[in-house]
Amino acid sequence: MRFQFYCAAFLMASSTLAHADDAEWKAGFAKVNITPTKPMWMSGYGSRNKPADGLTSDLFAKAAVIQDANGKRALFISTDLIGVPIKMVHVIEAAIKKKHGLSRDQLMVTCSHTHSGPALDDLLSYMLVMNDEDWATVRAYQFDLNRKILGIIDEAIADLKPARIATGIGKTDFAVNRRPPIGKGPVDHEVPVLRVQSADGTKLRGVIFGYACHNTVLSFYKWCGDYAGFATADIEDRFPDCVALFHTGCGADQNPLPRRTVELAQKYGRMLSKAVADVVADDMQPLRGSLSTTFKNVDLAFDRLPTKEEISERLEKGSHYEKARAKILLAQIESDGKLAATHPYPIQVWRLGNNVTWVALGGEIVVDYSLRLKKELGPGTWVTGYANHVMAYIPSERVLKEGGYEGGSSMLYYQLPSKWKPGLEDQIVETVHALKKIASKP
Ligand SMILES: [Zn+2]
């Protein structure tokens, strides 16, 4: 019943919002089921000791393309995956350049960070106790996944047609700061929403929305998109012509609490879909102006690198996780002569007309970044995390200093040699400001 009301309100709002320059925009969408069809390992929790044994809800990859009046395109990818492997991004980057003439800055790849999705071909998967056969299954899945994502990119571009696009912000409050003392730290409860309607305003064709919270209600052995998957399914159920795409905000230190039941995941999914539906049904801000896309990798420095002797000692005496990391670090020393002192970190800024500055940051990034960037860049700032490569946790200066899991100890599971060197927050934020300047040039 509640959603019938939203549908009616949405159509009424649409009919009063015809604008002469709406037809300048085009948009296209596509989606594909990426649920593994063979038994395979799940990612997210290093303590899992066997492959998945069932299905609660399907996993999807989705593509959205928007195009301005000048023909400039921006390609957004959303996935029900734990992360964004860099090798997958490189495959997509090469393919879209060759086939569609799109450059790196025009591509944003995101994930929902579901912990009930498959292990991927990246360094995080080395925390799992997988044998060669398990790894072969993971690599075959990844190969197929890459192929599917390239397929939906082609489909979304073929689907480009005149569209009415608008932006807005909603709110929902189930994310809780998980660092001790739990519930006391900062949160970001905003839900940025991009609405795409048909040119005549009668159909909702697509919605892109985000939320800054770990997608970790569940920790079982069944495939599931968790709260984000339930939210997108809910929206698509109610609006049959709509593709709903989720992206994770700066939710590295945020958990959905309480958690651990399917009912709670569904409840948070409904809270999020209601926040989106409320915005979509409202008078949103029509998108004006043109698209601008920027991208830059910066080198984040590690703190003190361990010596070869120290690593060898962990290989002998360390935990399962330390042994796995030691093997990888020793192999790096073997092939490169030394450990890398820095790691490339992707920073992206899109300007959506005059409405939105959309910042996309890599890694599991803590909420301090979105709060600081929204304050410094002003209204109309959206901040997506877990974008374009998830290689580690990215603490703010405060969290790095405080330490703990997000501050440094989680580097072990990403097979990285040490915590980050102080200074990364300013380095990231200053780069965002520089990119915004470039993106804002007429
Ligand atoms: Zn995480």
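This structure is a prediction, so every number in the text was calculated from the model and none was measured.

Reading guide: rules and limits
- Residues numbered from 1 in each chain as written.
- Predicted model: local features only at pLDDT ≥ 70, side-chain atom pairs only at ≥ 80, totals over all residues.
- Heavy atoms only, no water.
- Buried < 20%, exposed > 50% of the residue type's maximum accessible area, 1.4 Å probe, protein only.
- Helix = DSSP H or I, 4+ residues; strand = E, 2+ residues; numbered from the N terminus.
- Pairing = 2+ DSSP bridges.
- Right-handed = clockwise from strand over helix to strand, strands pointing away.
- Axes fitted to C-alpha atoms, helices over the stretch in contact; angles between N-to-C directions.
- Left-handed = near helix turned anticlockwise from the far one by under 90°.
- Contact = heavy atoms within 4.5 Å.
- Nonpolar A, V, L, I, M, F, W, Y, C, P; charged D, E, K, R; others polar.
- Expected span 1.5 Å × (residues − 1).
- Donors = N, O, S within 2.8 Å, 3.2 Å for Na, K, Ca; no water.
- 1 Å grid on protein atoms, 1.4 Å probe; cavity = no way out; pocket = protein on both sides within 12 Å on 5 of 7 lines; lining within 4 Å.
- Points joined across faces, edges and corners; volume = space filled by probe spheres on them.
- Disulfide = S-S within 2.5 Å.
- Salt bridge = Lys/Arg side-chain N within 4 Å of Asp/Glu carboxyl O.

Asker: Explanation requested: the pairing of strand S4 (residues 73-79) in the structure shown.
Answerer: Here is the key point about a regular strand: its side chains alternate between the two faces of the sheet. For S4, the buried fraction is high: six of the seven residues fall into the buried class. Sheet topology places S4 next to strand S5 (residues 107-111); five bridges connect them, and they run parallel. Among the inter-strand pairings, Thr 79 is bridged to a residue of S5, identified as Cys 111. With helix H2 (residues 86-100) bridging S4 and the parallel S5, this β-α-β connection has right-handed handedness.

Asker: Would you take a moment to explain the packing of H2 against helix H3 (residues 132-158) for this structure?
Answerer: Helix packing geometry: the angle between the two helix axes and the distance between the axes. Direction vectors running N to C along H2 and H3 enclose 35°, while the axes themselves pass 10 Å from each other. For the pair H2 and H3, the crossing hand works out as right-handed. In this structure, H2 uses Met 88, Val 91, Ile 92, Ala 95, Ile 96, Lys 99 and His 100 to contact H3, whose residues at the interface are Gln 142, Leu 145, Asn 146, Ile 149, Leu 150, Ile 153, Asp 154 and Ile 157. For the contact of H2 with H3, the residue count by class is 10 nonpolar, three polar and two charged.

Asker: Would you mind going over the sheet that holds strand S15 (residues 342-352) with me for this structure?
Answerer: Across a sheet, paired strands are connected by hydrogen bonds in the backbone, their directions being either parallel or antiparallel. Overall, mixed pairing links the four strands, which are arranged S14-S15-S16-S18 in an open sheet. The open sheet has two free edges, formed respectively by strand S14 (291-301) and strand S18 (381-384), since each of these has just one partner strand. The average angle at which neighbouring strand axes cross in this sheet is 15°, direction not considered. Pairing between strand S16 (residues 356-361) and S18: four bridges, direction parallel. Following the sheet pairing, Val 359 is matched in S18 by Val 383.

Asker: Just checking my understanding: could you explain helix H7 (residues 320-336) for this structure?
Answerer: Residues spaced three or four apart along an α-helix face the same direction, because each turn holds 3.6 residues. Along its 17 residues, H7 runs 25 Å from first to last C-alpha, staying within 8% of the 24 Å computed at 1.5 Å per residue. Within H7 the residues assigned to the buried category are Ala 324, Arg 325, Ala 326, Ile 328, Leu 329, Leu 330 and Ile 333. Tucked into the core, H7 has its buried residues touching helix H6 (308-317). Directly after H7, the chain includes Gly 337, whose backbone phi takes a positive value near 85°.

Asker: Is there a simple way to explain the side chain of Asn 146 in this structure?
Answerer: Looking at the secondary structure, you find Asn 146 in helix H3. Among the residues examined, Asn 146 registers a relative accessible area of 11% and is labelled buried. Apart from the residues within four sequence positions on either side, Asn 146 is in contact with Met 88 and Val 91.

Asker: Sorry if this is basic, but what is going on with the coordination of the zinc ion here?
Answerer: The reference angle at a metal is 109.5 degrees if four donors form a tetrahedron and 90 or 180 degrees if six donors form an octahedron. Within the protein, His 113 (NE2), His 214 (NE2) and Glu 364 (OE) serve as the donor atoms for the zinc ion, at 2.0 to 2.1 Å. Taken in chain order, the donor set of the zinc ion reads H-x100-H-x149-E. You can see His 214 sitting in the loop between strand S9 (204-211) and strand S10 (222-223) and its partner Glu 364 sitting in strand S17 (residues 364-365), a full 150 residues away along the chain. On the accessibility criterion, His 214 (1% relative accessible area) is buried.

Asker: Before we go on, may I ask you to explain the layout of surface pockets in this structure?
Answerer: With a probe scaled to a water molecule rolled over the atoms, the places where space remains empty come into view. The space that makes up the largest pocket amounts to roughly 420 Å³. In this structure, the largest pocket is lined by 24 residues; those nearest its centre are Pro 85, Ile 86, Lys 87, Leu 123 and His 389. Residue composition of the lining of the largest pocket, by class: 13 nonpolar, five polar and six charged. The space that makes up the second largest pocket amounts to roughly 280 Å³. Surrounding the second largest pocket, 21 residues form its lining, Gly 44, Tyr 45, His 115, Tyr 393 and Tyr 405 being those nearest its centre.

Asker: What am I meant to see in the state of the cysteines here?
Answerer: Between two cysteines, a covalent bond joining their sulfur atoms is known as a disulfide. Using the criterion set out here, one finds zero disulfides in the structure. Take Cys 213: it sits in no disulfide, and the sulfur closest to it among the cysteines is that of Cys 250, at 13 Å. We note that Cys 224 lacks a disulfide partner, and the nearest cysteine sulfur, in Cys 213, lies 14 Å from it. Residue classification places Cys 224 among the buried positions, given a relative accessible area of 0%.

Asker: Sorry if this is basic, but what is going on with helix H8 (residues 367-377) here?
Answerer: Val 367, Asp 368, Tyr 369, Ser 370, Leu 373, Lys 374 and Leu 377 are the residues of H8 that are buried. Once H8 ends, the next one or two residues include Gly 378, with phi positive near 90°.

Asker: Help me understand the pattern of salt bridges, please; the structure alone is not making it clear to me.
Answerer: Side-chain pairs of opposite charge can arise whenever the charged atoms involved come near each other. Under the criterion given, the structure shown has 29 salt bridges. Ionic pairing is found between Glu 236 and Lys 62, a salt bridge with its closest N-O pair at 2.8 Å. With Glu 236 in helix H4 (residues 226-238) and Lys 62 in strand S3 (residues 60-67), this residue pair connects regions lying 174 residues apart in the sequence. Taking relative accessible area as the criterion, Lys 62 reaches 4% and is therefore assigned buried. Measuring nitrogen to oxygen at the nearest pair gives 2.7 Å for the salt bridge that ties Glu 406 to Arg 178. Taken together, the residues Glu 406 in helix H10 (residues 404-407) and Arg 178 in the loop between strand S7 (175-177) and strand S8 (190-198) connect sequence positions 228 residues apart. Neither Glu 406 nor Arg 178 differs from the other in exposure class; each is buried.

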